[in-house]
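Analysis of the macromolecular model
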Amino acid sequence: MARGGKAFKAVAKGMAVVASAAAVIERRRRAAMAADPHELPTEAPGPVPVPRTDPAPAPAPVVASVAASAGEAVAAGAVAEPSAPVPAATAPTAPAAAPPAPAAHTAHAGLGREYHPGRPATPAEAVPWGLRVAAESTWRLLLLGAALYVIFYVVDMLRLVAFSVLASLLISALLEPSVSWLRRRGVPRSLAAGGVFLSGLAGIGLVGWFVVWQVSTNLPDVTAQVKDGVNQLRDWLITGPLHLTQQQIKDFADQITKAITTNTDQLTSASITGAQIAVEILTSLLMTFFTTFFLLYDGERIWNWALRGLPRHSRFAMAGAGPKAWATLTAYVRGTVCVAFIDAVCIGIGIDLLGVPLAMPLAVIIFLGAFVPLVGALVTGTVAVLIALVTQGPWTALMVLVVLIAVMQVESHILQPLILGRAVRVHPLGVVLGVAAGGIIGGIGGAVVAVPLIAVTNTVVGHLRRRNEAGQAVFTALEAARETAERTAAAQPAAAQPAAAD
């Protein structure tokens, strides 16, 4: 028994020494971590032992070996007596967990590199904010440009269909008020649409017949005047400041004749291309007439069918934007017709007073050209200037040019703001750039439809923006009302508690 007591006392002393050594090591580790909390450990810590309330006794062989080693150590004097009894608090416990590493430390540990206080957590944070905004804006603009390119490519492939539909919309916007007026008077829809359509078709046919009749009637006189003008031009080249000779003029005429004779194949192909263009124009006209009739007859149902093809959350917005866009298009077409008629009448009267032949056909050409705002009447009016130069001389041509410029000034400063100002609301610079872009993309047809497309797009975007602003205002008001109700509900119990205490 005495020997067993000594062995147990030796084991207890050994365990106390081990606990003291472990406590010293733990204190030193904590002091090192407190001195540099951001330093990463060089080695991964081992598993943390979990303390148990009633540890199970060690197996007998292990206890015997520990007791034997402890007895030998005590006999040899390796284990010194402690100066004071070891308190119970120094019993072996689990080492305390290390303090948590900072958030930046954890982020960098996932990237496999040491933490530095001045280094961003991710590479994206190292990019300046302005550069990030520019990069994101750039790829979005590139995506939008790619989408527009695809749209224009598809429209170019289907240009006959696209121009037919756009021309039908313009004609329908001009004729639809008459259809609505007849339907309000009790005329059936089919009869109103058919009557207005046939009346418009007859009007277009009469205008074309009048132009052909005027040109065929005055063509002999104009041809004779053109010959006289060419002779006068040749005399001016000989006697004028250029001092050309008859031989030089003859050589120039021979070169023109040779170029015509040597390029017979190209002229033949051009004639074939001209025939193809004529077929395309005829097809486009038939498609335009067909589409116009159905837009006049069943335009409302067509619009409702188009709305059903949109996403559900976009139908209400476009249902409100559609009538506004149609009103803008109608006002634009009617205003443009009025401005074109005034331009054609003024210019026609001016060139007729100056004695220029073909005044009425030229007025009709100017009327058609005026459908391109600001520049159409001026471009088509140059035909009148050339005819006046050939038939009447440079002084008359200069006077025709003055008339054109005067009428264009009146149009841009008085007629356009007064008649189209409220309907279009597009800056003249936007009109000119839109006409130029439309002419480059789609030729004459693109120049004609560019401005109405810009006007309609401006109206739709403005309506959607105002609708979004109104929705945001309603949402803000509802949020403010909800917060006020919550504060009131929270204040009522606080006021009721003192009352209940009293």
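Residues numbered from 1 in each chain as written. Predicted model: local features only at pLDDT ≥ 70, side-chain atom pairs only at ≥ 80, totals over all residues. Heavy atoms only, no water.

**Quick word on the overall build of the chain**
When helices and strands are counted, the chain shows 13 helices and zero strands. Each helix and strand of the chain, placed in order from N terminus to C terminus, yields the pattern α-α-α-α-α-α-α-α-α-α-α-α-α. Here the chain holds 502 residues, and the buried ones make up 21% of them. (Helix = DSSP H or I, 4+ residues; strand = E, 2+ residues; numbered from the N terminus. Buried < 20%, exposed > 50% of the residue type's maximum accessible area, 1.4 Å probe, protein only.)

**Digging into the pattern of salt bridges**
Applying the stated criterion to the full structure yields five salt bridges. Between Asp298 and Arg189 there is a salt bridge whose closest N-O contact spans 3.7 Å. Here Arg189 lies in helix α6 (residues 189-239) and Asp298 lies in helix α8 (residues 264-308), a separation of 109 residues in the sequence. On the basis of relative accessible area, Asp298 is assigned to the buried category, the value being 17%. Given the relative accessible area of 24%, Arg189 is considered partly exposed. Notably, a salt bridge pairs Arg301 with Asp298, separated by 3.6 Å at the nearest N-O pair. In this pair, Arg301 and Asp298 both sit in helix α8, three residues apart, roughly one turn of the helix. Overlapping salt bridges, with partners in common, bring together Arg189, Asp298 and Arg301 in one network. (Salt bridge = Lys/Arg side-chain N within 4 Å of Asp/Glu carboxyl O.)

**Description of the layout of surface pockets**
Of the volumes computed, that of the largest pocket is approximately 1,900 Å³. As for the largest pocket, its lining consists of 46 residues, and the residues nearest its centre are Ile171, Ile204, Leu368, Phe371 and Val448. For the lining of the largest pocket, the per-class residue count stands at 34 nonpolar, nine polar and three charged. Space inside the second largest pocket adds up to approximately 1,300 Å³. Together, 37 residues line the second largest pocket, and Leu169, Leu295, Trp303, Gly322 and Trp326 are the ones closest to its centre. Residue assignment for the lining of the second largest pocket shows that the elements contributing at least two residues are α5 (159-184), α8, α9 (312-353) and α13 (428-501). Among the elements that take part in the lining of the second largest pocket, α8 stands out by supplying eleven residues, more than any other. Here the lining of the second largest pocket is composed, by residue class, of 26 nonpolar, five polar and six charged. (1 Å grid on protein atoms, 1.4 Å probe; cavity = no way out; pocket = protein on both sides within 12 Å on 5 of 7 lines; lining within 4 Å. Points joined across faces, edges and corners; volume = space filled by probe spheres on them. Nonpolar A, V, L, I, M, F, W, Y, C, P; charged D, E, K, R; others polar.)

**Let's talk about the confidence of the model for the chain**
The pLDDT averaged across the chain works out to 74; a share of 71% of its residues lies at or above 70. The weakest mean pLDDT in the chain belongs to helix α2 (residues 60-76) at 41; the strongest belongs to helix α4 (residues 129-157) at 89. Below pLDDT 50 for its whole length, residues 37-112 participates in 40 contacts with residues either more than four positions away or in separate chains. (pLDDT = per-residue confidence, 0-100. Contact = heavy atoms within 4.5 Å.)

**Describing empty space enclosed by the protein**
A complete count under the given rule lists one cavity of 30 Å³ or more for this structure. For the largest cavity, the calculated volume is near 50 Å³. Around the largest cavity, the lining residues are Ile171, Leu175, Phe197, Gly200, Leu201, Ile204, Phe289 and Thr292. For the lining of the largest cavity, the elements supplying multiple residues, two or more each, are α5, α6 and α8. Across the lining of the largest cavity, the residue classes tally to six nonpolar, two polar and no charged.

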